[in-house]
Amino acid sequence: MESLQDKVAIVTGGSRGIGLAIARALVRDGAHVVITARGAGALAEARRDLDGAGPGRVETLGADVTRAGDMARTVAAAAERFGGLDILITNAGVGAFAEVEAMTPEQWSTVIDTNLTGVFNACRAAIPAMRRRGGGFIVNISSLAGANAFKGGAAYCASKAGLNAFSEALMQELRYDGIRVSYVMPGSVATGFAGHSAAPGGAGSRDDDWKIAPDEVAEVVIHLLKHPRRSLPSRVELRPSKPRR
Ligand SMILES: NC(=O)c1ccc[n+]([C@@H]2O[C@H](COP(=O)([O-])OP(=O)(O)OC[C@H]3O[C@@H](n4cnc5c(N)ncnc54)[C@H](OP(=O)(O)O)[C@@H]3O)[C@@H](O)[C@H]2O)c1
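Throughout, a residue's number is its position along its own chain's written sequence, starting from 1. The predicted nature of this model means local features are confined to residues of pLDDT at least 70 and side-chain atom pairs, given and counted, to a pLDDT of 80 or more, with totals for whole chains, interfaces and linings taken over all residues.

**A short note on the site of the ligand**
To decide whether a residue is near a molecule or strand, its C-beta atom is placed from the backbone and checked for lying within 6 Å of it. In the vicinity of the ligand, 29 residues are found, and the nearest of them are Gly13, Gly17, Gly39, Gly93 and Phe193. Strands here mean DSSP runs of E at least two residues long; helices mean DSSP runs of H or I at least four residues long; both are numbered from the N terminus. Taken together, the elements giving at least two residues each to the shell around the ligand come down to helix H1 (17-28), strand E2 (32-37) and helix H4 (105-133). Broken down by element, the residue count for the shell around the ligand peaks at 3 residues, all from H1. Residues are grouped as follows: Ala, Val, Leu, Ile, Met, Phe, Trp, Tyr, Cys and Pro are nonpolar; Asp, Glu, Lys and Arg are charged; all remaining types, including Gly, are polar. Grouping the amino acids of the shell around the ligand by side-chain chemistry returns 10 nonpolar, 16 polar and 3 charged.

Listed below in structure tokens is the structure:
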């Protein structure tokens, strides 16, 4: 098993939900983590949560994955603060759910720009830094929606199906350079994603008991990162054990 002690990681969208859970697990295992998001308030709150969560150190950065320059700045911050980059978790993502006829071009662009182009921006910025370290690991957070399309999910499902194809192409580009690429496809996770309320009846409530916990996605990511180098679990599907009937 690979140790994560003193590895340097970036988690995009690390201020809440799945990204925050992944950052917490990395810090617990001794990795130094840069988390990014757009909202300053949630980033500050995440920092308080992560400080003292483990031996790893934490940096927060306001950065938008849809802007290539912000991702270059994030990789530079990891190098400046922690000396390089070993791990990239592309987790930032948004959902807009409407049938195509009712969906605005702006909604479509926001979903594709964040979930697909945002991952391209982050990977493109990270790869040279990983090459300088002699290798690395990229984990893209996709969704079961990338394999199982549903009515009202055209933009989201297309973005995640695109992300799956992107991940597989990138995996083949980088495998001989010691940079490993995997993608994780969770089903429903108990977070505030896409306006899901954190109030009673929303994320964290008993109504959410059947959903995957964010910490369980983090557990899968940590297992991937620690997987022996000789083989690569390149795609993981993670389902609620007993989805609501
Ligand atoms: N929840 C689910 O049921 C589920 C299931 C399968 C897959 N996923 C995937 O898991 C990932 C995380 O979802 P989640 O449920 O944890 O969502 P969440 O609770 O809404 O958190 C999303 C995170 O991404 C950040 N973010 C959004 N747009 C961004 C942008 N343009 N640039 C930088 N950061 C951005 C958010 O912060 P700011 O808004 O402040 O930027 C926040 O930190 C997404 O890719 C999602 O598609 C979720």
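So that's the structure; there's more coming.
**Describing the pairing of strand E4 (residues 87-90)**
Counts of 20 or more other C-beta atoms within 10 Å of a residue's own C-beta define buried residues, counts of 12 or fewer define exposed ones, and intermediate counts define partly exposed ones; C-beta atoms are placed from the backbone. Burial of E4 is two-sided: the residues Ile87 and Ile89 facing one way and the residues Leu88 and Thr90 facing the other way are all buried. Relative to E4, strand E1 (residues 8-12) runs parallel, the two sharing 3 bridges. Looking at the pairing, Ile10 lines up with Leu88 of E4. Here, any two strands with at least 2 DSSP bridges between them count as paired. Relative to strand E5 (residues 136-141), E4 runs parallel, the two sharing 4 bridges. Its bridge partner being in E5, Ile89 is matched across the sheet by Val139. Clockwise travel from the first strand over the helix to the second, with the strands pointing away from the viewer, marks a crossover as right-handed. With H4 bridging E4 and the parallel E5, this β-α-β connection has right-handed handedness.

**Concerning helix H5 (residues 154-174)**
Structurally, the α-helix is built with 3.6 residues per turn, so residues lying three or four positions apart point the same way. One less than the number of residues in a helix, times 1.5 Å, gives the span that helix is expected to have. The end-to-end C-alpha separation of H5 is 30 Å, in line with the 30 Å expected for 21 residues at 1.5 Å each. For H5, the complete set of buried residues consists of Ala155, Tyr156, Cys157, Ser159, Lys160, Leu163, Phe166, Ser167 and Leu170. Here, residues touch in the contact sense if the C-beta positions derived from the backbone fall within 7 Å of one another. Those residues of H5 hidden inside the fold are in contact with H4, E5 and strand E6 (179-186).

Just distances and angles here, no functional claims.
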